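The primary structure of each chain is shown beneath.
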Amino acid sequence: MTTTITVAAQLSCLSDVQSLIDEALAAAEFPASVRNRAALACEEIFVNICCYAGATEITIRVLTGADTASVTFADDGSAFDPLSAEAPDIEASAEDRPVGGLGIHMVRQLTDGLSYRRTGTTNVFTMTMNRKDPKP
Amino acid sequence: MTIQHTQQEGRLTVKPEGRLDTLTAPEFEKEVKALLGDAASVEIDLSGVDYVSSAGLRALLSLHKACAAQKADMEVLNVAPAVMDVFSMTGFDKVLHLA
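What counts and how
Residues numbered from 1 in each chain as written. Chains lettered and ligands numbered in written order. Predicted model: local features only at pLDDT ≥ 70, side-chain atom pairs only at ≥ 80, totals over all residues. Heavy atoms only, no water. Axes fitted to C-alpha atoms, helices over the stretch in contact; angles between N-to-C directions. Helix = DSSP H or I, 4+ residues; strand = E, 2+ residues; numbered from the N terminus. Parallel < 35°, antiparallel > 145°, perpendicular 65-115°, else oblique. Left-handed = near helix turned anticlockwise from the far one by under 90°. Contact = heavy atoms within 4.5 Å. Nonpolar A, V, L, I, M, F, W, Y, C, P; charged D, E, K, R; others polar. Expected span 1.5 Å × (residues − 1). Buried < 20%, exposed > 50% of the residue type's maximum accessible area, 1.4 Å probe, protein only. Arc of directions from axis to C-beta. Salt bridge = Lys/Arg side-chain N within 4 Å of Asp/Glu carboxyl O. Buried area = accessible area lost by both parts, 1.4 Å probe. Polar contact = N/O pair within 3.5 Å; in protein donor to acceptor, adjacent residues only side chain to side chain. Disulfide = S-S within 2.5 Å. Pairing = 2+ DSSP bridges.

Structural notes on the packing of helix α1 (residues 25-36) of chain B against helix α2 (residues 54-69) of chain B
Residue and element names in this part refer to chain B.
Phase 1 of the analysis: The contact between α1 and α2 brings their axes to 9 Å, and the two run at 15°. Compared by their axis directions, α1 and α2 come out roughly parallel. The hand of the α1/α2 crossing is right-handed. In this structure, α1 uses Ala25, Phe28, Glu29, Val32, Lys33 and Leu36 to contact α2, whose residues at the interface are Ala55, Gly56, Arg58, Ala59, Leu60, Ser62, Leu63, Ala66 and Cys67.
Phase 2 of the analysis: Taken together, the residues that form the contact of α1 with α2 break down as 10 nonpolar, 2 polar and 3 charged.

Let's talk about the packing of helix α3 (residues 102-110) of chain A against helix α3 (residues 81-90) of chain B
Phase 1 of the analysis: In the contact formed by α3 of chain A and α3 of chain B, the axes pass within 10 Å of each other and the chain directions differ by 110°. Taken together, the axes of α3 of chain A and α3 of chain B are roughly perpendicular relative to one another. Between α3 of chain A and α3 of chain B lies a crossing of right-handed hand. Between α3 of chain A, through Leu102, His105, Met106, Gln109 and Leu110 of chain A, and α3 of chain B, the contact on the second element is made entirely by Val86, Met89 and Thr90 of chain B.
Phase 2 of the analysis: Class assignment for the residues of the contact of α3 of chain A with α3 of chain B results in 5 nonpolar, 3 polar and no charged.

Topic: α1 of chain B
All names here are of chain B.
Phase 1 of the analysis: Taking 1.5 Å per residue, 12 residues should reach 16 Å; α1 reaches 16 Å between its end C-alpha atoms and fits that length.
Phase 2 of the analysis: Looking at α1, one finds that the buried residues are Ala25, Phe28, Glu29, Val32, Leu35 and Leu36. End-on, the buried residues of α1 take up no more than an arc of 130°, which puts them together on one face. Residues of α1 that are exposed and point over 90 degrees away from its buried face: Lys30 and Ala34.
Phase 3 of the analysis: Looking at the packing, one finds that the buried side of α1 touches β1 (2-8), β2 (11-20), β3 (41-45) and α2.

Quick word on the pattern of salt bridges
Residues and elements named next belong to chain B.
Phase 1 of the analysis: Tallied over the full model, the rule gives 7 salt bridges over all chains.
Phase 2 of the analysis: One salt bridge in this structure joins Lys33 and Glu29, with 3.0 Å as the shortest N-O distance. One end of the pair, Lys33, and the other, Glu29, are both in helix α1, 4 residues apart, so they sit about a helical turn from each other.

So, the environment of Ala79 of chain A
All names here are of chain A.
Phase 1 of the analysis: If you trace the backbone, Ala79 turns up in the loop between β3 (68-75) and α3.
Phase 2 of the analysis: Spatially, the C-alpha atoms of Ala79 and Ala55 are 9.8 Å apart, while their sequence positions differ by 24 residues.
Phase 3 of the analysis: The residues contacting Ala79, other than those within four sequence positions of it, are Tyr116, Arg118 and Asn123.

A short note on the interface of chain A and chain B
Phase 1 of the analysis: Each partner contributes to the interface: chain A provides 21 residues, whereas chain B provides 22 residues.
Phase 2 of the analysis: Of the roughly 1,700 Å² buried where chain A meets chain B, counting both sides, 59% is carbon and sulfur surface.
Phase 3 of the analysis: Between chain A and chain B we count 0 salt bridges in total.
Phase 4 of the analysis: Where chain A packs against chain B, one counts 8 residue pairs in polar contact (both at pLDDT 80 or more).
Phase 5 of the analysis: Residues belonging to the side of chain A that touches chain B are distributed by class as follows: 8 nonpolar, 6 polar and 7 charged.

Section: the state of the cysteines
Phase 1 of the analysis: Considering all chains together, one arrives at 0 disulfides over all chains under this definition.
Phase 2 of the analysis: With no disulfide partner, Cys42 of chain A has as its closest neighbouring cysteine sulfur the one in Cys50 of chain A, 9.7 Å distant.

Description of the pairing of strand β5 (residues 122-130) of chain A
All names here are of chain A.
Phase 1 of the analysis: Of the pairings in the sheet, the one linking β3 to β5 comprises 8 bridges and is antiparallel in character. Across the sheet, residue Phe73 finds its bridge partner in β5, namely Phe125.
Phase 2 of the analysis: In this structure, strand β4 (residues 113-119) lies alongside β5, joined through 7 bridges in antiparallel fashion. In the sheet register, Arg117 faces β5, and the bridge partner there is Val124.
Phase 3 of the analysis: Connecting the antiparallel pair β4 and β5 is a turn made up of 2 residues, with Gly120 showing a positive phi of about 60°.

Purely geometric stuff here, so don't read any function into it on its own.
Here it is as structure tokens:
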């Protein structure tokens, strides 16, 4: 089943996007653990696109299948791979634990597959999650 | 997000309710920093928080540093399993003092 929503590329739209993804995964009976991971990964990706891609709109498509679910983010910004950027930690000093890349690190941990491609004037980023959670 | 707090004999206890995400974490960090005063110890009770994103982690780390700067110990209490997963996958379970 496919569910699609197009929203403004603004942080205030995050909860709408997360709700849509959660409802789609719940309707397809994905376990709560997978839904929680999807919500977290979605935030990290959506925020990066909003902050760095210079996009005006983002279309999110959720595709649920028997074994996997995928969430695709398509935006009209300049060429930008969400995996490549992270908000700098302006408070970091030499002795501090580096926190840059935290969100991206989380996305890699939370998902089972990631891909980015530039199609014409559109950034297309897809995350895939297995129905069976390896860490129940 | 709502934030309850109590202060007693140098101990500040803060109990946020809701999500610590991109939208709420900056406000949480700012409010708790405003409450720090000269607290000798700080407890962050996360029993009402079921979602922490990287923005929430940054806020917690920033508070941890602010407490360390004034020689106050910051303990994080009552971490929900979903939030503990996030702490574990990012190494924050070793950085923060969990109780």
